[in-house]
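An overview of the molecular structure
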Number of protein chains: 2
Amino acid sequence: MSAEYTNPLFTVDSVLFTVKNEQLLVLLVKRAQAPFIGDWGLPGGFIDEKIDNNTDATARRKLQAKTGLSPAYLEQLQAISGPDRDPRGFSVTLAYFALVAYQDVSPQIASVESASWIALKDLAKLNLAFDHLHIIEAARQRLQQKTLYSMTPVFCLPTQFTIAQLKSVIETIIEKPIQRKSLMRRIEASDIFEISEEKIPSGGRMAQLYTLKPGADLVNFERNLSL
Amino acid sequence: MSAEYTNPLFTVDSVLFTVKNEQLLVLLVKRAQAPFIGDWGLPGGFIDEKIDNNTDATARRKLQAKTGLSPAYLEQLQAISGPDRDPRGFSVTLAYFALVAYQDVSPQIASVESASWIALKDLAKLNLAFDHLHIIEAARQRLQQKTLYSMTPVFCLPTQFTIAQLKSVIETIIEKPIQRKSLMRRIEASDIFEISEEKIPSGGRMAQLYTLKPGADLVNFERNLSL
DNA sequence: AGAATAGTGTCTTTCAGACACTATATG
DNA sequence: CATATAGTGTCTGAAAGACACTATTCT
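Residues numbered from 1 in each chain as written. Chains lettered and ligands numbered in written order. Predicted model: local features only at pLDDT ≥ 70, side-chain atom pairs only at ≥ 80, totals over all residues. Heavy atoms only, no water.

This next bit is on the nonpolar core. Counting 47 residues, the largest nonpolar core has Phe10 and Trp117 of chain A together with Phe10 and Trp117 of chain B as the members making the most contacts within it. Trp117 of chain B has contacts with Leu16, Phe17, Thr18, Leu25, Val26, Leu27, Val100, Tyr102, Val105 and Ile109 of chain B, leaving out every residue within four places of it along the chain. (Core = buried A, V, L, I, M, F, W, Y, C linked by side-chain atoms within 4.5 Å. Buried < 20%, exposed > 50% of the residue type's maximum accessible area, 1.4 Å probe, protein only. Contact = heavy atoms within 4.5 Å.)

A separate point is the domain arrangement of chain A. All names here are of chain A. Partitioning chain A into domains gives domain 1 (9-147) and domain 2 (149-212). Between the C-alpha centres of domain 1 and domain 2 there is a distance of 26 Å. Considering only the surface of domain 1 that becomes buried against domain 2, Val19, Lys146 and Thr147 emerge as the three largest contributors, covering 39% of it. Between domain 1 and domain 2 we count one salt bridge in total. (Domains from an automatic or database assignment. Buried area = accessible area lost by both parts, 1.4 Å probe. Salt bridge = Lys/Arg side-chain N within 4 Å of Asp/Glu carboxyl O.)

With that settled, consider the protein's contact with DNA strand C. Lining the immediate surroundings of DNA strand C are 24 residues, of which Arg180 and Lys181 of chain A together with Arg185, Arg223 and Ser226 of chain B lie closest. For DNA strand C, the fraction of protein-proximal atoms (within 4 Å) that sit in sugar or phosphate groups is 53%. Take Arg180 of chain A: an N or O atom from its side chain is 2.2 Å from a base nitrogen of DNA strand C. Between DNA strand C and Ser202 of chain A there is a distance of 3.3 Å, counted from a sugar or linking oxygen to a side-chain nitrogen or oxygen. Among the elements of the structure, α4 (163-174), α5 (180-190) and β10 (207-212) of chain A together with α5 (180-190) of chain B are those that each provide at least two residues to the surface near DNA strand C. (Near = heavy atom within 4 Å. Polar contact = N/O pair within 3.5 Å; in protein donor to acceptor, adjacent residues only side chain to side chain. Helix = DSSP H or I, 4+ residues; strand = E, 2+ residues; numbered from the N terminus.)

Quick look at the sheet that holds strand β8 (residues 161-162) of chain A now. Residue and element names in this part refer to chain A. Strand order in the open sheet made by the three strands is β8-β10-β9, with antiparallel pairing throughout. The sheet is open, and its two edges are formed by β8 and β9 (193-200), each paired on a single side. Here β9 pairs with β10 via five bridges, running antiparallel. Bridging across to β10, Glu194 finds its partner in Thr211. (Pairing = 2+ DSSP bridges.)

Okay, the interface of chain A and chain B next. Each side of the interface is counted separately: chain A has 28 residues, and chain B has 28 residues. Our count for the chain A to chain B interface comes out at zero salt bridges. For the pair chain A and chain B, the interface holds 10 residue pairs in polar contact (both at pLDDT 80 or more). Counting only elements with at least two residues in the side of chain A that touches chain B, the list comes to β1 (9-20), β5 (73-82) and β6 (91-99) of chain A. When residues of the side of chain A that touches chain B are assigned to their parent elements, the largest contribution, five residues, is made by β5 of chain A. Looking at the side of chain A that touches chain B residue by residue, the class counts come to 12 nonpolar, 11 polar and five charged. (Nonpolar A, V, L, I, M, F, W, Y, C, P; charged D, E, K, R; others polar.)

To continue, consider the environment of Leu120 of chain A. For Leu120 of chain A, the location among the structural elements is in the loop between β7 (115-119) and α3 (132-149). Ignoring sequence-local partners within four residues, the contact set of Leu120 of chain A consists of Phe17, Leu24, Leu25, Val26, Ile136 and Arg140 of chain A.

Moving on, we get to the relation of the copies chain A and chain B. Laying chain A over chain B is done by rotating through 180° and shifting 0.0 Å along the axis; what remains is an RMSD of 0.1 Å. Such a turn and shift between the copies fits a two-fold axis. Relative to the rotation axis, the closest C-alpha in chain A is found at Arg223 of chain A, a distance of 2.2 Å. When you check the interface residues of chain A against chain B, 100% turn up at the interface there too, and the contact is symmetric in its surfaces. (Least-squares fit on C-alpha atoms with pLDDT ≥ 70 in both.)

Let us look at the protein's contact with DNA strand D. In the vicinity of DNA strand D, 24 residues are found, and the nearest of them are Arg185, Met206 and Arg223 of chain A together with Arg180 and Lys181 of chain B. Take the atoms of DNA strand D that sit within 4 Å of the protein: sugar and phosphate atoms are 51% of them. At 2.8 Å from a base nitrogen of DNA strand D is found a side-chain nitrogen or oxygen belonging to Arg223 of chain A. Within the backbone of Gln208 of chain B, one N or O atom sits 3.0 Å away from a phosphate oxygen of DNA strand D. For the surface near DNA strand D, the secondary-structure elements that each account for two or more residues are α5 of chain A together with α4 (163-174), α5 and β10 (207-212) of chain B. Considered class by class, the residues forming the surface near DNA strand D number seven nonpolar, seven polar and 10 charged.

Residue and element names in this part refer to chain B. Counting buried positions along strand β5 (residues 73-82) yields nine of 10 residues, so the element is predominantly enclosed. Where β5 meets strand β6 (residues 91-99), nine bridges bridge the pair, whose relative direction is antiparallel. Looking across to β6, one finds that Gln78 is bridged to Ala95.

For the rest of this paragraph, the subject is the sheet that holds strand β9 (residues 193-200) of chain B. One open sheet accounts for three strands, arranged β8-β10-β9 (chain B); its pairing is antiparallel. Lying at the two open borders of the sheet, with one neighbouring strand each, are β8 (161-162) and β9 of chain B.

Attention now moves to the pattern of salt bridges. Evaluated as defined, the whole model comprises 22 salt bridges over all chains. Put simply, Asp122 of chain B and Lys125 of chain B hold a salt bridge, and the shortest N to O gap is 3.2 Å. Note on Lys125 of chain B: relative accessible area 68%, which makes it exposed. Residues participating in the shared-partner salt-bridge network are Glu75, Arg142 and Lys146 of chain A.

This is the structure we're talking about:
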């Protein structure tokens, strides 16, 4: 039992989503190093043991480098491993799944030419590094599932947002219309939102702005929205 | 960007649960090597790149070594990482969460004196290696949550089982009684079970045995049982 | 006024909880 | 027979879906 095992290559990659114009977008970077030089891939890399206290910190650090900020939402998705997914040898990737408001990141992205928002429906056209397409698909399913029983999608919006905006983001994610009324009921029941002082124009009656209560944790509803 | 990063120590550990006599049990092994020699810990270890095609295979191989069989249910739980959790240095553990029927494993366990089923309520008395207590707690919460919206607990039972047995396992996991009727409705609605030809005595009327339909996938209900 | 969007009232539908009732086994 | 457990019938309650209705803003 004293055999020396070689450690696998270990990397952390993140699937950062946002929603813009009824489109689900994912952040991709153009790879500057081998393997898969020049292909698009997920932002990520190796742990830096001097800086990162754990893999969450690695994910945040790598995302910050590309977007200028730490994502509003971050959770572990899944580890993927195998002898053939990286030409350099057996590798393990810990995939994260993250959300930000498009507005928060947009200027920064525009200035980093190696990073870009790509609509999920356009992914098929691209050649993605490793099994990153597969990871993105897994992340999308997780996001969709979570959207059915939680308010997770708020993290795709700025701190102040209207019901209509939240409704639109939810509908984009689950690809199905929902009832305004159902959303209002959940907002009320969750008790994690505050009515802001402001209202904003909307084309008709002024729309109430909401914010997340400071320090409020997301709640899980015990019923799903129906798909 | 050409810095050489040191890879962290990478291990795979599993939280194998079963239910016996209205008690939730977890499989622990007495550690034969440093660190934490002599303490109880989760079964697990390093990837063997020659044998394991991925980390799932590592988890299964390590569990097989201790129980003689591959668990009926296995899913990734979570990766835990940090510079201080292992005295040997920065480490990452990929934790799995698994289920088996007590009857399937029991004889094998008894013969391996280094492995033992421990009731969850007795864990506090033990000194567990690493942050394994914390991992077990996370696994228990995941199992509890899954039990509210799926039939996952069947994997704690032999292939043939009665409604009463399943009900009892569920109640043990969520620590709350449920209605026989609710369970029956879910069994019917899920459409993943078959009525066996056999019935078994129960103290009163004979109880119908059920089995999982071959190749049936677990379904998620869109409503939770209430806690 | 008319159009557009915000927000509410309320009926229907679905499914879990409660619990009594029937069915079938044993002694 | 009594008792015990299996299994069903059915009412209630909670929350989502549907959708019409009111409210407010702009042109």
